[in-house]
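Single-letter residue listing:
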Amino acid sequence: MNSNEKLKRLLEMQEHPERYTDEEIRQLMADEECRQLYEQMVRVTDALYSDKTTEKSKDSTIHYSLKKIAAMFIGVLMIAGVTFATVHIMRRSGGGNSKSPIQEMRMSATSQHKDTLEVDSAVVTSPVIFEDAELAAILGEISAFYLVQTVYQKEDSKHIRLYFTWDKQSSIDDVIDTFNKFERIHITRDDKKLIVE
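Note that the structure is predicted; figures quoted are calculated from it, not measured. (Residues numbered from 1 in each chain as written. Predicted model: local features only at pLDDT ≥ 70, side-chain atom pairs only at ≥ 80, totals over all residues. Heavy atoms only, no water.)

(A) Structural view of the environment of Phe179. Locating Phe179 in the fold gives a position in helix 7 (residues 172–179). Residue classification places Phe179 among the buried positions, given a relative accessible area of 1%. C-alpha of Phe179 to C-alpha of Leu135: the two residues are 44 residues apart in sequence and 9.9 Å apart in space. If near-sequence neighbours (up to four positions away) are discounted, Phe179 is found in contact with Leu135, Ile138, Leu139, Ile142, Leu162, Phe164, Ile185 and Ile187. (Helix = DSSP H or I, 4+ residues; strand = E, 2+ residues; numbered from the N terminus. Buried < 20%, exposed > 50% of the residue type's maximum accessible area, 1.4 Å probe, protein only. Contact = heavy atoms within 4.5 Å.)

Structural data, given as structure tokens:
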């Protein structure tokens, strides 16, 4: 089964789990590529939503986690597809240099992941508006979007309520600067962690 078929099957299982047996799901998860991606995404979503304890919120978190897994899987496949198509077009047109396809793919993949954690503006839609929302809820969405983890030094910080407009085209550093303009909030970034003091 190729990557596209695996993706299609994962999405189908997510949308209509009643159509599949436990054995069919186990067979798909037996695939090393699917399992590793699934486990990595579960760790990220578990870290973001570990403080939700009610059974109802656990069920919705699992459903949300599965959607995030599917979205991340689609993103990885799209990047791989675009990279492959670019290399293929460059080789056919003769406009490429003498680098091998693997070198080209590595260069393209490297350019996709910058340490600045800036977001591609083509993917972003309109700003997100939070009205009287808790800081934990706001930072939960922002952390998931920028693929960072939020660490609270004080439990009370999670419950600060805000009216906040988030422009997804802004870099994570710009968002942090905006938050730090509030009187009761101070956020610093340590690589892939947001530290709320």
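On we go.
(B) Molecular detail of the sheet that holds strand 2 (residues 149–152). Within the open sheet, the three strands sit side by side as 2-5-4. Their pairing is mixed. Bordering the open sheet on either side are strand 2 and strand 4 (187–190), each of which pairs with just one other strand. Strand-to-strand twist of the sheet, defined as the mean angle between neighbouring strand axes without regard to direction, takes the value 25°. The sheet contact formed by strand 4 and strand 5 (residues 193–196) spans four bridges and is antiparallel. Paired with Ile187 across the two strands is Val196, which belongs to strand 5. Against the sheet, helix 6 (residues 135–146) contacts strand 2, strand 4 and strand 5, and its axis sits at roughly 155° relative to strand 2. (Pairing = 2+ DSSP bridges. Axes fitted to C-alpha atoms, helices over the stretch in contact; angles between N-to-C directions.)

(C) Summary view of the pairing of strand 5. In this sheet, strand 5 lies alongside strand 2 in parallel orientation, the contact comprising four bridges. In the strand pairing of strand 5, Val151 is matched with Ile195. With antiparallel pairing between neighbouring strands as the criterion, strand 4 and strand 5 make up a hairpin whose turn holds two residues, including Asp191 at a positive phi of roughly 60°.

(D) A look at the packing of helix 6 against helix 7. Running from amino to carboxyl end, helix 6 crosses helix 7 at an angle of 165°, the nearest separation of the two axes being 11 Å. The orientation of helix 6 with respect to helix 7, classified from their angle, is roughly antiparallel. Our pair here, helix 6 against helix 7, has a crossing hand that is left-handed. Of the residues in helix 7, those in contact with Leu135, Ile138, Leu139, Ile142 and Tyr146 of helix 6 are Ile172, Val175 and Phe179. Within the contact of helix 6 with helix 7, the residues separate by chemical class into eight nonpolar, no polar and no charged. (Parallel < 35°, antiparallel > 145°, perpendicular 65-115°, else oblique. Left-handed = near helix turned anticlockwise from the far one by under 90°. Nonpolar A, V, L, I, M, F, W, Y, C, P; charged D, E, K, R; others polar.)

(E) Representation of the confidence of the model for the chain. Confidence in the prediction of the chain, expressed as mean pLDDT, is 76, and 69% of residues score 70 or more. This stretch, residues 119–123, has a pLDDT under 50; its non-local contacts, to residues over four places away or in other chains, come to five contacts. (pLDDT = per-residue confidence, 0-100.)

(F) Broad picture of the packing of aromatic side chains. Inspection of every chain in the model, using the stated rule, returns six aromatic pairs. Measuring from centroid to centroid gives 5.2 Å for Phe145 and Trp166, while their planes differ by 85°, and the two rings are edge-to-face. Highlighted residues: Phe145 in helix 6 and Trp166 in strand 3 (residues 161–166), separated in sequence by 21 residues. In this structure Trp166 comes out as buried when scored by relative accessible area, which is 2%. Between Tyr146 and Trp166, the ring centres sit 6.1 Å apart and the planes meet at 55°, which makes this aromatic pair tilted. Residue Tyr146 is located in helix 6, and its partner Trp166 is located in strand 3; the two are separated by 20 residues in the primary sequence. (Phe/Tyr/Trp six-rings, centres within 6.5 Å; stacked < 30°, edge-to-face > 60°.)

(G) Geometry of the pattern of salt bridges. Applying the stated criterion across every chain, the model contains five salt bridges. One salt bridge connects Arg26 with Glu23, and the closest N-O pair in it is separated by 3.5 Å. On the criterion of helical spacing, the pair formed by Arg26 and Glu23 is a turn pair, its members being three residues apart in helix 2 (residues 22–29). The closest approach of N and O atoms between Glu134 and Arg161, which form a salt bridge, is 3.5 Å. With Glu134 in strand 1 (residues 128–134) and Arg161 in strand 3, this residue pair connects regions lying 27 residues apart in the sequence. Classification of Glu134 by relative accessible area gives partly exposed; the value is 27%. Residues joined by salt bridges that share partners form a network here, namely Asp132, Glu134 and Arg161. (Salt bridge = Lys/Arg side-chain N within 4 Å of Asp/Glu carboxyl O.)

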